[in-house]
Amino acid sequence: MYTSNTASKMVGFFFILAAVSAIVGLLLYDPILNSPSYFVDGSAHGNQVVWGAIMELVLVCSAIGTSITMFPLLRKYNESLALGHVCFRFLEAVIILIGIISVLSLLSLSRAYTSGIVTDTISLEATGVLLKAIHEWTFMLGPNFMLGINTMLYSYIFYKSGLVPKFIPILGMTGASLVFIAALLEMFGVISQISVWGVMLALPVAANEMILAVWLIIKGFNTTAFRVNNNKQISAGKMI
C-alpha cells in the first residue's frame, strides 16, 4: 500500500509537471516561432528561447517519468499493454526532443544572422522554414499522435483493473480517440493544430490527465483492486 501510494503521487506530479512545462515552453518559444521577423527577434530573446527548450526538456523527462512510474503497477494487469505504453511514451518523448533540437538550431541560425556570419538571406529563409516545419511536425506527431496511443493503452488498463474510478479511464479513452483523430486531420491539412477544432479535440485528453493527476495525488490508486489482483495471482499459482 505504501508503494502504490507513493507511485500514485509521483504519477500525478509528473502529469502536472508535464502539462505546465509544455505550456510554458510553448509560450517562451513565441519570439522565434511566431514572430514575422523571427531571425532578429529570436536572437534578441535568445535566453527566453533557451528557457523554452529547458521547459520542453522537463516535459520530456516528465513524460518518461509517468511511464516508468506506472509500469510496475500496470504490468500486474496486462504486461504487454503496459510495455506498449512505455514504448509509445518514449517515442513521444523522442519526437518532442527532435522538436527541441530544431528550435535550438533555428536559434543558432538567428544568432549567426544578427552577428553577420550568415549573409545569404535566400538560403537563410529556406533553412528557417525547414526547421520551423520540423518543429510543427514533431508538435503534431508527439503530443497528438503518440499521445493518443499511449493514453489509450493506460486508460484501457485502468478501466479493466479498477485502479481508478471508471469515469476517468472512459474520459481518457474518449480523449485519446479524439486527439488521435485530430492528429490525422492535421496531417492531411483538414484542420490546424492551433485552431478552434484542434483545441476542442485535444481538450478531453488534457482534462483527463489533470483529473487523473489530482485524483492520484489526493486519493491514490484503489487498494481493493490490488488485493483482488493479488488473490487472483495466488489462486492461479495454487492451480499450477
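Residues numbered from 1 in each chain as written. Predicted model: local features only at pLDDT ≥ 70, side-chain atom pairs only at ≥ 80, totals over all residues. Heavy atoms only, no water.

Considering the overall build of the chain
Put simply, the rule reads: Here a helix means four or more residues in a row that DSSP labels H or I, a strand means two or more in a row labelled E, and each is numbered from the N terminus. Each residue gets one of three labels from its accessible area relative to the maximum for its type: buried under 20%, exposed over 50%, partly exposed in between, using a 1.4 Å probe on protein chains only. Only heavy atoms enter the contact rule, under which two residues are in contact if any of them lie within 4.5 Å. Note on areas: these come from Shrake-Rupley sampling with a 1.4 Å probe, and a residue is covered only by the protein chains present in the view. The charged-residue count follows a simple rule in which Lys and Arg add positive charge and Asp and Glu add negative charge, with His and chain termini not counted at all. Just so you know, the charge point we use is NZ for Lys, CZ for Arg, CG for Asp and CD for Glu.
Helix and strand content of the chain: nine helices and zero strands. Secondary structure elements in the chain, listed N-terminal to C-terminal, are α-α-α-α-α-α-α-α-α. Per-residue burial for the chain yields a buried fraction of 43% across its 240 residues. Excluding contacts between residues fewer than 6 apart, the proportion of contacts in the chain whose partners are at least 24 apart in sequence is 78%. For the chain, the exposed surface amounts to about 12,200 Å²; the carbon and sulfur share of it is 73%. Computing the positive centroid from 12 side-chain charges and the negative centroid from 10, the chain places the two 28 Å apart.

What about helix 5 (residues 79–114)?
We count it as follows: By this rule the span expected of a helix is its residue count minus one, scaled by 1.5 Å. Polar contacts, as used here, are pairs of N or O atoms within 3.5 Å; protein pairs need one atom able to donate a hydrogen and one able to accept it. Residues neighboring in sequence count only if both atoms are side-chain atoms.
With 36 residues, helix 5 extends 53 Å between its outermost C-alpha atoms, agreeing within 8% with the 52 Å of an ideal straight helix rising 1.5 Å per residue. One side-chain oxygen at the N-terminal end of helix 5 lies 3.4 Å from the backbone nitrogen of Ser80; it belongs to Asn78. Count one or two residues on from helix 5 and you reach Gly116, which has phi positive near 85°.

Points about the packing of helix 6 (residues 121–161) against helix 7 (residues 167–187)
So the rule is basically this: To get an axis, a line is fitted to the C-alpha atoms, and for a helix only the part in contact is used. The angle between two axes follows their N-to-C directions and goes from 0 to 180 degrees. Any angle between 65 and 115 degrees counts as roughly perpendicular, while under 35 counts as roughly parallel, over 145 as roughly antiparallel, and the rest as oblique. Throughout, a crossing is termed right-handed when the near helix is turned clockwise from the far one, and left-handed when it is turned anticlockwise from it by less than a right angle. Asp, Glu, Lys and Arg are counted as charged, while Ala, Val, Leu, Ile, Met, Phe, Trp, Tyr, Cys and Pro are counted as nonpolar; the rest, among them Gly, fall into the polar class.
Close contact between helix 6 and helix 7 brings their axes to 8 Å; oriented N to C, the two are set at 155°. The angle between helix 6 and helix 7 falls in the class roughly antiparallel. Note on packing geometry: the crossing formed by helix 6 with helix 7 is left-handed. When its residues are assigned to classes, the contact of helix 6 with helix 7 shows 20 nonpolar, six polar and one charged.

Things to note about the packing of helix 7 against helix 8 (residues 196–218)
The interhelical angle for the contact between helix 7 and helix 8, taken along N-to-C directions, is 150°, at an axis separation of 8 Å. Judged by the inter-axis angle, helix 7 sits roughly antiparallel to helix 8. Where helix 7 crosses over helix 8, the two elements pack in a sense that is left-handed. Contacts between helix 7 and helix 8 involve Phe167, Ile168, Leu171, Gly172, Gly175, Ala176, Leu178, Val179, Ala182, Leu185 and Glu186 from the former and Gly198, Leu201, Ala202, Pro204, Val205, Ala207, Asn208, Ile211, Leu212 and Trp215 from the latter. Residue classes in the contact of helix 7 with helix 8 are distributed as 16 nonpolar, four polar and one charged.

With respect to the side chain of Ser155
In this structure, Ser155 sits in helix 6. With near-sequence residues (within four places) excluded, Ser155 lies in contact with Pro169, Gly172 and Met173.

Looking at the pattern of salt bridges
It is possible for side chains bearing opposite charge to pair when their charged atoms get close. Quick note on the threshold: Counted as salt bridges are all cases of a side-chain nitrogen of Lys or Arg within 4 Å of a carboxyl oxygen of Asp or Glu.
Under the counting rule described, the total for this entry stands at two salt bridges. Note that Glu79 is salt-bridged to Arg75, the shortest N-O span being 3.0 Å. Assessed through its relative accessible area of 44%, Glu79 is described here as partly exposed. Among the ionic pairs, Glu92 bridges to Arg89, the shortest N-O distance being 3.2 Å. Linking Glu92 with Arg89, this pair stays in helix 5, spanning three residues, or about one helical turn.

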